[in-house]
Amino acid sequence: MDSQKIHNVSVFQEALQRIITTLANKNEDLHNFMETLRHSLAGVQVVSDLEEEFDRLFTILVEMKESMINTIKQEGAKKTQEIQNQLTQSSDALESAEELLEFANNALDIKDEDQFTQAAKQIKDRVTMASAFRLTMKPKVTDSMNHLMVDFTQERQLLQNLKFLPVPWAPEMEVGDCLVLDNTVSVAWKMPVEDSKIDHYILEYRKTDHEGLPRIKDERCWEVVDNIKTTEYSLSGLKFDSKFMNFRVRACNKAAAGEYSDPVTLETRAFNFGFDSSSSHLNLKVEDRTVEWDPQGGKGLESKVKGKENKGRSFIKLCIWLVLSSPVACRSERPETAGAAQGTTETYGWKVGMQIHGMP
């Protein structure tokens, strides 16, 4: 009976441990989801950007208004001054002409011939020099200001036709066509709606040790591949030093970039290894993933090496690597996990390679 109780307790402990693990994972997912929502909330509040753009338009309009009004005022002041000068000159000429006219009328009443002759000569000389006969009777400027009129019809139509930018739809990742193979990750996507105005795509990726949806607060930053012209891309020469990689993509036209696709998480399975220099032969020089044979390395070989120094020194370098062969993807019956690659089981095989470099 006691053994049965112990067995039951053990079963319950295991079940409780699974529940605890499930709850812990769910709590972590909820924290990540809340961070995503907060990040989205900050992104939604972009009305200020639109207000700033309109403020810039208002500022430009105010500046243009002040500039054009100033131009009109300067032109008006210039014309006013010209007209005022002509009025002053005309007034002075009229006053002189009226005085001369009065003098001429009075001269007609002179009875003495000598006085009359002298007065007539004076009048003639004064008429010749009179400003009234030297003034132009044409205004130097006109009151027309038509050259400073502005037609705002086109600008008004442009402002009335202001619309939000035609932003592309968010692409959809083709998880079934994504492939992780030989230090290369190939990803593919498609547009949910045919869009001939797409100019290019922007792919972002980052390494992570978390399975599932990408975390906002991750220890690694997104890396960017810009100006992709097709709906697929391969990242080669990668070092799989993390368990997973996150991917997302966005489409761009000439006007703006669209929303990111739903991110996907691909497993980057790898086996990293290193050589143990502490347990290697004395004549082996071990560094990371390379091994060099050095005949001078072993202390016990010093006597054998003596006398052979003049015959040259042998040198052998072995470069050894251990890689995974191309996996054979097999469709899995297990359901997909949210944000992860489509379920597949993969069969791997080992490849061992070695290069020997010799030098006399």
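A short tour of the structure in this document, coming up.

## Quick look at the overall build of the protein chain
Consideration 1: Each helix and strand in the protein chain was counted, giving five helices and 15 strands.
Consideration 2: The buried share of the protein chain, reckoned over its 360 residues, is 21%.
Consideration 3: The contacts of the protein chain with a sequence gap of at least 6 include a subset with a gap of at least 24, amounting to 63%.
Consideration 4: Carbon and sulfur atoms form 55% of the exposed surface of the protein chain, whose accessible area is close to 27100 Å².

## Things to note about the packing of aromatic side chains
Consideration 1: Taken as a whole and assessed by the stated rule, the structure comprises three aromatic pairs.
Consideration 2: Each ring, one from Trp189 and one from Tyr201, has its centre 5.6 Å from the other, and the planes form 65°; the classification is edge-to-face. Residue Trp189 is located in strand S3 (residues 184-190), and its partner Tyr201 is located in strand S4 (residues 200-208); the two are separated by 12 residues in the primary sequence. For the pair Trp189 and Tyr201, one class covers both residues: buried.
Consideration 3: Taking 6.2 Å as the distance between ring centres and 25° as the angle between the ring planes, the aromatic pair formed by Tyr205 and Phe247 counts as stacked. You can see Tyr205 sitting in strand S4 and its partner Phe247 sitting in strand S7 (residues 244-252), a full 42 residues away along the chain. You'll find Tyr205 and Phe247 in the same group, each marked buried.
Consideration 4: In this structure, Arg248 packs its charged tip against the face of Trp222, placed 4.1 Å from the ring centre.
Consideration 5: The ring centre of Tyr260 lies 3.9 Å from the NZ or CZ of Arg248, which sits over that ring.

Thresholds applied
Residues numbered from 1 in each chain as written. Predicted model: local features only at pLDDT ≥ 70, side-chain atom pairs only at ≥ 80, totals over all residues. Heavy atoms only, no water. Helix = DSSP H or I, 4+ residues; strand = E, 2+ residues; numbered from the N terminus. Buried < 20%, exposed > 50% of the residue type's maximum accessible area, 1.4 Å probe, protein only. Contact = heavy atoms within 4.5 Å. Areas by Shrake-Rupley, 256 points an atom, 1.4 Å probe, with all protein chains shown as cover. Phe/Tyr/Trp six-rings, centres within 6.5 Å; stacked < 30°, edge-to-face > 60°. Lys NZ or Arg CZ within 6 Å of the ring centre and 35° of its normal.

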